[in-house]
Amino acid sequence: MRKKTIPVHAKKHSAGKKPAPVKPKSRQTDSRKSHAPLGLSSQNKIIKLINSSLNIDEVLNLSMKLMEKTLNATASSILLYDAETNELKFYLATGSKKDILKVIRMPADKGVAGRSFLTGRTLLIPDASKSPFFYKQVDDTTKFVTKNLIATPIPIKGKRIGVLEVLNKANGTFTKQDMQKLKNMANEISVAIDNARLYDEVKSAYIVSMLNMAQAEKFRDIDTGLHIERCGEYALHLAPDLGIPQKDFDNLRVSMMMHDIGKVAIPDAILLKPGRLNDEEMTVMKTHTTKGGQILGQAPLLQLAVDIATCHHEKWDGTGYPNRLKDESIPLPARMLAIIDVFDALLSKRPYKDPFPPEKVKEILLEGKGTHFDPQVLDLFLQRYAEMCVIHSSMS
Ligand SMILES: [Fe+2]
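How each quantity is defined
Residues numbered from 1 in each chain as written. Predicted model: local features only at pLDDT ≥ 70, side-chain atom pairs only at ≥ 80, totals over all residues. Heavy atoms only, no water. Helix = DSSP H or I, 4+ residues; strand = E, 2+ residues; numbered from the N terminus. Expected span 1.5 Å × (residues − 1). Buried < 20%, exposed > 50% of the residue type's maximum accessible area, 1.4 Å probe, protein only. Phe/Tyr/Trp six-rings, centres within 6.5 Å; stacked < 30°, edge-to-face > 60°. Salt bridge = Lys/Arg side-chain N within 4 Å of Asp/Glu carboxyl O. Donors = N, O, S within 2.8 Å, 3.2 Å for Na, K, Ca; no water. Tetrahedral: all angles 85-135°; square planar, octahedral: opposite > 155°, others 65-115°.

J.: How should helix H13 (residues 332-347) be read in this particular structure?
T.: Residues spaced three or four apart along an α-helix point in a common direction, a consequence of the helix completing one turn every 3.6 residues. Here H13 spans 23 Å end to end across 16 residues, near enough to the 22 Å set by a 1.5 Å rise per residue. Most of H13 is tucked away, with 14 of its 16 residues classed as buried.

J.: Please explain the packing of aromatic side chains as it appears in this structure.
T.: Each pair of aromatic rings is reported with the distance of its centres and the angle of its planes. In total, this model carries five aromatic pairs according to the counting rule given. Both rings, one in Phe 381 and one in Tyr 385, keep their centres 6.4 Å apart while their planes meet at 75°; by these two values the pair is edge-to-face. One exposure class covers both Phe 381 and Tyr 385, and it is buried. Clustering of aromatic rings is evident, with ring pairs tying together Tyr 234, Phe 343, Phe 381 and Tyr 385.

J.: Looking at this model, I keep getting lost on the pattern of salt bridges. Mind explaining?
T.: Oppositely charged side chains are able to pair whenever their charged atoms sit close together. This structure, assessed with the given rule, holds 15 salt bridges. Among the salt bridges present, the one from Lys 169 reaches Asp 178, with a minimum N-O distance of 2.8 Å. Since its relative accessible area comes to 4%, Asp 178 is described here as buried. Here Lys 360 makes a salt bridge to Glu 363, at a shortest N to O gap of 3.5 Å. Here Lys 360 pairs with Glu 363, and both are found in helix H14 (residues 358-367), just three residues apart, close to one helical turn. Take Lys 360: its relative accessible area is 35%, and that puts it in the partly exposed class.

J.: Where do I start with the coordination of the iron ion in this structure?
T.: Around a metal, the perfect tetrahedron of four donors has angles of 109.5 degrees, and the perfect octahedron of six donors has angles of 90 or 180 degrees. Around the iron ion, the protein contributes the donor atoms Asp 260 (OD), His 288 (NE2), His 312 (NE2) and His 313 (NE2), which lie 2.2 to 2.3 Å from the metal centre. Around the iron ion sit four donor atoms; with metal-centred angles ranging over 81 to 168°, the donor geometry is irregular. Mapped onto the polypeptide sequence, the residues donating to the iron ion form the spacing pattern D-x27-H-x23-H-H. On the basis of relative accessibility, which here comes to 1%, the residue His 312 falls in the buried class. We classify His 313 as partly exposed; its relative accessible area is 21%.

Take a look at the structure:
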């Protein structure tokens, strides 16, 4: 089975248009920060990386590889300060011992890194074995032999948050020019970390406000409340099969829960009408997709939620609404929800119908394979069918 991945930020749709391929969004950096040359092309590459990705680990890993290449270093690491324990811990490391390093912590006043952290100075150690600051315990644990290194503090807004190190120059020893280059790199990395932290804070605030909105929707209709909570849960159980990374789960769950937020703009006479809707009422009801997109679309960080709210009634064969999008032009999370939404509705009691038995629901879902539903996503969903039925009964 082909694995699919979900973009962290999906694209915006306009009526009738096939969406363009996803590109990472740009992010702001502090343009006031300018530094002495790292090697202009290398520095440009790093700035470009920082600007083009919201994934902090990806930025830091690539930055470190580039830095090693520029400085001819064998290994490098980023240590971050833990104020609770007064230790420096390896946040990221490259080289053959990177996995062992991740579990090592060292007192913040020990070693070359500790010295650099405490004094705020960039330290060049041409021969580690002769340095009074060298903390041999790390080498003893990892069996790595440190010959020479540079350590420089990572500053954020006047505070030091950790240390950046490069180790063992491949040809000879590090120079004062290398020191300056590493210092410049630490400043760039600090921008990336600061941006990522700000981004996370803003994202958390948005998620909280989304949950508040979902609560408002729940109070209007108790059936809807249970339905949206189950939708979030089904999606989390299906997500790993579709290659969706765990870091996106919170956003995915909340975005799934928000799929019918546009119903807050539908008159009660239609939304709560017992029995079937006539054509005119159905036309109004269908606008909950675009209205949901408009409500959520004010915030760029909610793009995933916008995609789901707008596109969850699109169909694989292009006969859905509101934009008659077809197959993979429908965002993957919306294709997931199309299945989840119908599954849950059929299995639940509604004012106008009794619940269908699980086997009958499966039959109906299979009838929609390749027409209403993405066939591959449906297959994956059905592989977990028993699990999904348990979620339904335990959350009803
Ligand atoms: Fe809907």
